[in-house]
Amino acid sequence: MKGHGSGNLNITYNPKGEFRITGDYIVEDGDYLFTLGNILNKSFSVENGGKIMFNGDINNAEIDMKAIYKLKASLFPILQDENYKDRVRWNAI
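Residues numbered from 1 in each chain as written. Predicted model: local features only at pLDDT ≥ 70, side-chain atom pairs only at ≥ 80, totals over all residues. Heavy atoms only, no water.

Further remarks concern the overall build of the protein chain. Along the protein chain, the regular secondary structure elements total one helix and seven strands. Scaling as 2.2 N^0.38, a compact globule of 93 residues should have a C-alpha radius of gyration of about 12 Å, whereas the protein chain reaches 19 Å, well beyond that. Oriented by its inertia axes, the alpha-carbon framework of the protein chain measures out at about 70 × 30 × 15 Å. With 93 residues in all, the protein chain has 12% of them scored as buried. In the protein chain, the proportion of contacts linking residues at least 24 apart, taken out of those at least 6 apart, comes to 32%. Just so you have it, the protein chain exposes about 7,500 Å², and 50% of that area is on carbon and sulfur atoms. When the 11 basic and 12 acidic side-chain charges of the protein chain are each reduced to a single mean position, those positions are 5 Å apart. (Helix = DSSP H or I, 4+ residues; strand = E, 2+ residues; numbered from the N terminus. Rg over C-alpha atoms; globule rule 2.2 N^0.38 Å. Buried < 20%, exposed > 50% of the residue type's maximum accessible area, 1.4 Å probe, protein only. Contact = heavy atoms within 4.5 Å. Areas by Shrake-Rupley, 256 points an atom, 1.4 Å probe, with all protein chains shown as cover. Lys, Arg positive; Asp, Glu negative; His and termini not counted. Charge placed at Lys NZ, Arg CZ, Asp CG, Glu CD.)

As structure tokens, then:
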């Protein structure tokens, strides 16, 4: 994931090599590339307002975000109406 945002973070690194982060980071925009075994790659846009909450251990951060996958699809398979055969732009959240 790549993104931009702001936050109030406290970062510490002690002589024992322990690295800790506490605080919240608010995401303004970003991109996320979902990959599954180098077979499936899907690019998502991250919505404004997502949050990453750090509680010390960087590997246990809480993430509250929404991402959008943009695609073109037809509604014909669902509606079975000839008027909906054209593919139109959709945002899957």
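Taken together, the side chains of Met1, Tyr32, Phe34, Leu36, Ile39 and Leu40 present a nonpolar region at the surface, about 600 Å² in accessible area. The greatest single-element share of the nonpolar patch, amounting to three residues, is contributed by strand β2 (residues 19–36). Here Leu36 is to be found in strand β2. (Patch = residues over 30% accessible without salt bridge, like charges linked within 9 Å, V, L, I, M, F, W, Y side chains within 5 Å. Salt bridge = Lys/Arg side-chain N within 4 Å of Asp/Glu carboxyl O.)

So, on to the packing of aromatic side chains. Within this structure, the stated rule accounts for two aromatic pairs. Judged by centre distance (6.2 Å) and plane angle (50°), the ring pair of Tyr32 and Phe44 falls under tilted. Of this pair, Tyr32 sits in strand β2 while Phe44 sits in strand β3 (residues 40–46), and the two are 12 residues apart along the sequence. For Phe44, a relative accessible area of 21% gives the class partly exposed. Grouped by ring-pair contacts, the aromatic residues Tyr32, Phe44 and Tyr69 constitute a single cluster. Across from the ring centre of Phe76, 4.7 Å away, lies the NZ or CZ of Lys85, which sits over that ring. (Phe/Tyr/Trp six-rings, centres within 6.5 Å; stacked < 30°, edge-to-face > 60°. Lys NZ or Arg CZ within 6 Å of the ring centre and 35° of its normal.)

Let us now look at the nonpolar core. By size, the foremost hydrophobic cluster in this structure holds five residues: Ile21, Val27, Val46, Ile52 and Phe54. Elements that contribute at least two residues to this core include exactly β2 and β4 (50–56). Residues within four places of Ile21 in sequence aside, it is in contact with Leu9, Asn10, Ile11, Phe54, Asn55, Gly56 and Ile58. (Core = buried A, V, L, I, M, F, W, Y, C linked by side-chain atoms within 4.5 Å.)

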